[in-house]
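One letter stands for each residue in the lines below.
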Amino acid sequence: LCVGIVFAACNNTQKGAAIGAGGGALLGALVGKLAGNTAVGAAVGAAVGTGAGVLIGKKMDKVKAEAEAVQNAQVQEVTDANGLQAVKVTFDSGILFATNQATLNASAKNSLTNFANVLKNNTGCDVAIYGHTDSTGSDAINNPLSVSRANSVSNFLKSCGVSSAQIKTVEGQGSTNPVADNSSAAGRAQNRRVEVYMYA
């Protein structure tokens with residue numbers, strides 16, 4: 001039921017309510033069946049699920065709005081590879097890294113300081129950080145470089161007061177997930193990036 005619900009024009013609050021209602025009704029019906037009254041269980045489950053879904057949706061709408069205020073960050077709602085809803089924040093490589101480097105520049109540190117405040121204001125959000133490279137060079141170079149870039153961002157966020165417990169994943173993905181054509185300098189620049197996913 002949850003997978004089948006698609007709301008192209010809905011915000012997270014509306015999506016959360018609908019998904020929570022559907023999931024809650026299903027779970028409530030199962031519990032109700034065990035208790036001898038499936039209909040009552042489904043109704044109670046739907047009500048509880050809707051309430052929880054609305055709260056989570058409002059939280060993610062708030063997180064997205066705060067992240068959009070961070071300079072040099074591109075923010076979008078996505079469904080990750082595991083089918084989970086997330087707010088994705090991408091920092092351009094020109095802001096974060098020079099070619100073949102994992103050292104943050106002053107502009108990057110300024111943007112990440114502001115972004116750290118978003119995370120500290122929303123400690124209930126889990127965070128996943130993924131580093132990427134362009135296709136120049138071999139995997140033997142790109143894979144560890146992408147890990148170093150992700151770690152640079154993670155370490156800086158923690159130095160700004162973000163709890164290490166909030167950062168659940170720090171990974172490098174090398175050149176495996178380009179967002180632009182690696183045959184041009186402009187495309188390669190877009191592919192040298194770090195992406196941060198925030199989950200309810």
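Residues numbered from 1 in each chain as written. Predicted model: local features only at pLDDT ≥ 70, side-chain atom pairs only at ≥ 80, totals over all residues. Heavy atoms only, no water.

Things to note about unusual backbone geometry
Of note, Asn-72 is a non-glycine position whose phi angle comes to about 70°, a positive value. Here Asn-72 shows up in the loop between α2 (38-68) and β1 (73-79). (Helix = DSSP H or I, 4+ residues; strand = E, 2+ residues; numbered from the N terminus.)

Quick notes on the pairing of strand β2 (residues 85-91)
Counting buried positions along β2 yields 6 of 7 residues, so the element is predominantly enclosed. Taken together, the 7 bridges between β1 and β2 define a ladder with antiparallel strand orientation. Bridge assignment links Gln-76 to a residue of β2, and that residue is Lys-88. Hairpin remark: β1 followed by β2, antiparallel, with 5 residues in the connecting loop; positive phi at Gly-83, about 85°. The pairing of β2 with strand β5 (residues 194-199) spans 5 bridges and is classified as antiparallel. Counterpart to Val-89 in the pairing with β5 is Val-196. (Buried < 20%, exposed > 50% of the residue type's maximum accessible area, 1.4 Å probe, protein only. Pairing = 2+ DSSP bridges.)

A look at the confidence of the model for the protein
Of all residues in the protein, 70% attain a pLDDT of 70 or more, and the chain-wide mean is 79. Confidence drops under a pLDDT of 50 for residues 1-9, and excluding neighbours within four residues, the segment shows 8 contacts in the predicted structure. (pLDDT = per-residue confidence, 0-100. Contact = heavy atoms within 4.5 Å.)

Concerning the side chain of Ser-152
Inspection of the secondary structure puts Ser-152 in helix α5 (residues 139-159). Residue classification places Ser-152 among the buried positions, given a relative accessible area of 18%. The residues touching Ser-152, leaving out its near neighbours within four places in the chain, are Phe-97, Ala-102 and Leu-104.

Digging into the sheet that holds β2
As a general point, the strands of a sheet are linked pairwise by backbone hydrogen bonds and lie either parallel or antiparallel. Taken in spatial order, the 5 strands line up as β1-β2-β5-β3-β4 in an open sheet, and their pairing is mixed. Of all the strands in the sheet, just β1 and β4 (167-172) have a single pairing partner and so form its edges. Averaged over all pairs of adjacent strands, the angle between strand axes in this sheet comes to 20°, irrespective of strand direction. Contacts from helix α4 (residues 106-121) reach β2, β3 (126-131) and β5 within the one sheet, and its direction differs from that of β2 by about 165°. In the packing of α5 onto the sheet, contacts are made with β3, β4 and β5, and the angle to β4 comes to roughly 150°. (Axes fitted to C-alpha atoms, helices over the stretch in contact; angles between N-to-C directions.)

Thoughts on the pattern of salt bridges
Going through the model one piece at a time under the given rule, you end up with 5 salt bridges. Between Lys-64 and Glu-68 there is a salt bridge; the shortest N-O distance is 2.7 Å. In this pair, Lys-64 and Glu-68 both sit in helix α2, 4 residues apart, roughly one turn of the helix. In this structure Glu-68 comes out as partly exposed when scored by relative accessible area, which is 43%. For Arg-192, the salt bridge identified is with Asp-134, shortest N-O distance 2.8 Å. One end of the pair, Arg-192, is in the loop between α6 (185-191) and β5; the other, Asp-134, is in the loop between β3 and α5, with 58 residues separating them in the sequence. Classification of Asp-134 as buried rests on a relative accessible area of 5%. When salt bridges that share partners are traced, they join Lys-88, Arg-193 and Glu-195 into one network. (Salt bridge = Lys/Arg side-chain N within 4 Å of Asp/Glu carboxyl O.)

Comments concerning the side chain of Ser-111
Here Ser-111 lies in helix α4. For Ser-111, a relative accessible area of 1% translates into the label buried. Within the structure, Ser-111 has its side chain in polar contact with the side chain of Asn-72 (distance 3.3 Å). (Polar contact = N/O pair within 3.5 Å; in protein donor to acceptor, adjacent residues only side chain to side chain.)

Some remarks on α5
If you check α5, its first and last C-alpha atoms are 30 Å apart, about what 21 residues at 1.5 Å a residue would give, namely 30 Å. Those residues of α5 lying buried are Asn-142, Leu-145, Ser-146, Arg-149, Ala-150, Ser-152, Val-153, Ser-154, Phe-156 and Leu-157. On its buried face, α5 sits against α4, β3, β4 and β5. Positioned one or two residues after α5, Gly-161 has a phi angle of 105°, which is positive. (Expected span 1.5 Å × (residues − 1).)

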